[in-house]
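Here's the letter readout for the chains.
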Amino acid sequence: MSNPKHTLFWMTLFLAVVVVVGALIHKPLATAFMANWVFNLLIVGVLIVGIGLTYRQVFVLFPELRWISQFRTGHSGLSVLQEPRLLKPLARQLGEESKRDRFKLSTLALRTVLDGIHSRMDEQREITRYFISLLIFLGLLGTFWGLLGTINAVGDVIANLDMGQGDFGTVFADLQSGLLTPLQGMGTAFSSSLLGLGGSLILGFLDIQAGHAQNRFYDGLEEWLTGVTTLVDIAGEDDLQS
């Protein structure tokens, strides 16, 4: 079966490249982050949690591979290993098989086991996909929040302008000071969009890599099971036909 360490390597390499690029442009990023640091900190926090979940999707494959290795070799340590999570349907179905190189399962049981394992992997990926959508949502929410503040601030500036004053320099100074608040709202809108969409791209790439690792694991498991399983219902069907 494929080794998930290769996937971890590419995921870590990608994150290292992202960190290097972020360090090179840290000044504009810091300025954008401070436009609304509370909201942007929430986006960064969601990104960090999402990154941890994608790594977890790969790390959970190692105990499953170790359990399969122990089962195939027939080592006595299998009984003391922690029951696998993804392969729990298979572990319950096989029980304490004495022959590790050959065992009997019906076609329906084999398909049920594989479907159960596949659904468990899909459940893990759904959480990561939710975090990707959450990052996009937070970016859009910050955008509309900032634009709403900008519109309200511009309305206040226009309403407070007193064109009846004879000194236009004072009017212009009031207009200039009043426009600072709308500009802050625009900063919130663009910074949240930048972090939200950028975070979703980062998490999306990591989710793709984790998905590839899970798919390779599932394909290897399916090939192994179909190769070593005696499909007992095939013999039964032949007897009925004869």
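Bear in mind the structure is a predicted one, so any value in this text is a computation, not a measurement.

### Observations concerning helix α3 (residues 37–59)
Move 1: For α3, spanning 23 residues, the distance from its first C-alpha to its last is 32 Å, which sits close to the expected 33 Å at 1.5 Å a residue.
Move 2: All of the buried residues along α3 are F39, N40, I43, V46, L47, G50, I51, T54, Y55, Q57 and V58.

### Some details on the layout of surface pockets
Move 1: As a volume, the largest pocket reaches approximately 550 Å³.
Move 2: Every residue lining the largest pocket is counted, 20 residues in all, and those nearest its centre are V18, G22, L29, L47 and I202.
Move 3: Contributing elements (two or more residues each) for the lining of the largest pocket: α1 (5–24), α2 (26–33), α3 and α8 (180–228).
Move 4: No other element matches the 6 residues that α1 contributes to the lining of the largest pocket.

### Quick word on the confidence of the model for the chain
Residues shown with low pLDDT carry predicted positions that ought not to be read at fine detail.
Move 1: This prediction gives the chain a mean pLDDT of 77; 67% of its residues lie at or above 70.
Move 2: No element of the chain has a lower mean pLDDT than helix α9 (residues 232–241), at 45, and none a higher one than α1, at 93.
Move 3: Counted against residues more than four places away or in other chains, residues 234–242, with its pLDDT under 50, gives 1 contact.

### A few points about α1
Along an α-helix, residues three or four apart share an orientation, since each turn contains 3.6 residues.
Move 1: End to end, α1 covers 29 Å across 20 residues, agreeing with the expected 28 Å (1.5 Å per residue, within 8%).
Move 2: Those residues of α1 that fall on the buried side of the exposure criterion are T7, L8, M11 and L15. Relative to the axis of α1, the buried residues are bounded by an arc of 100 degrees and lie together on one face. Seen from the buried face of α1, the exposed residues on the opposite side, beyond 90 degrees, are K5, H6, F9 and L24.

### Remarks on a nonpolar patch on the surface
Move 1: A cluster of nonpolar side chains, contributed by F9, W10, L13, V17, V20, V21, L24 and I25, occupies part of the molecular surface with about 790 Å² of accessible area.
Move 2: When you line up the elements, I25 lands in the loop between α1 and α2.
Move 3: The partly exposed category is assigned to I25, whose relative accessible area is 40%.

### Observations concerning the packing of aromatic side chains
The relative placement of two aromatic rings is captured by the distance of their centres and the angle of their planes.
Move 1: If you walk through the whole model with that rule in mind, you get 6 aromatic pairs.
Move 2: What links up through ring pairs into an aromatic cluster is the set Y55, F59 and F62.

### Some points on the environment of L87
Move 1: For L87, the location among the structural elements is in the loop between α4 (61–73) and α5 (88–94).
Move 2: A sequence separation of 19 residues divides L87 from I68, and the C-alpha atoms of the two residues are 8.9 Å apart.
Move 3: In this view, L87 contacts E64, W67, I68, I117, F217 and L221; residues no more than four positions away in its chain are not counted.

### Let's talk about the UniProt feature "transmembrane region" (unreviewed entry) in the chain
Move 1: The UniProt feature table records "transmembrane region" (unreviewed entry) at residues 7–25, 37–62, 130–148 and 185–206.
Move 2: The span residues 7–25 is 95% helical and 0% strand by assignment, and the distance between its end C-alpha atoms comes to 27 Å.

### Some details on the nonpolar core
Move 1: One finds L90, I117 and L221 to be the most contacted residues of the largest nonpolar core, which totals 21 residues.
Move 2: Those elements that place two or more of their residues in this core are α4, α5, α6 (107–160) and α8.
Move 3: A total of 6 residues in this core trace back to one element, the largest contributor, which is α8.
Move 4: Judged by nonpolar contacts, the second largest core, of 19 residues, contains M11, V58, I132 and L206.

Procedures and definitions
- Residues numbered from 1 in each chain as written.
- Predicted model: local features only at pLDDT ≥ 70, side-chain atom pairs only at ≥ 80, totals over all residues.
- Heavy atoms only, no water.
- Helix = DSSP H or I, 4+ residues; strand = E, 2+ residues; numbered from the N terminus.
- Expected span 1.5 Å × (residues − 1).
- Buried < 20%, exposed > 50% of the residue type's maximum accessible area, 1.4 Å probe, protein only.
- 1 Å grid on protein atoms, 1.4 Å probe; cavity = no way out; pocket = protein on both sides within 12 Å on 5 of 7 lines; lining within 4 Å.
- Points joined across faces, edges and corners; volume = space filled by probe spheres on them.
- pLDDT = per-residue confidence, 0-100.
- Contact = heavy atoms within 4.5 Å.
- Arc of directions from axis to C-beta.
- Patch = residues over 30% accessible without salt bridge, like charges linked within 9 Å, V, L, I, M, F, W, Y side chains within 5 Å.
- Areas by Shrake-Rupley, 256 points an atom, 1.4 Å probe, with all protein chains shown as cover.
- Salt bridge = Lys/Arg side-chain N within 4 Å of Asp/Glu carboxyl O.
- Phe/Tyr/Trp six-rings, centres within 6.5 Å; stacked < 30°, edge-to-face > 60°.
- UniProt positions renumbered as here; feature names shortened; annotations may be inferred.
- Core = buried A, V, L, I, M, F, W, Y, C linked by side-chain atoms within 4.5 Å.

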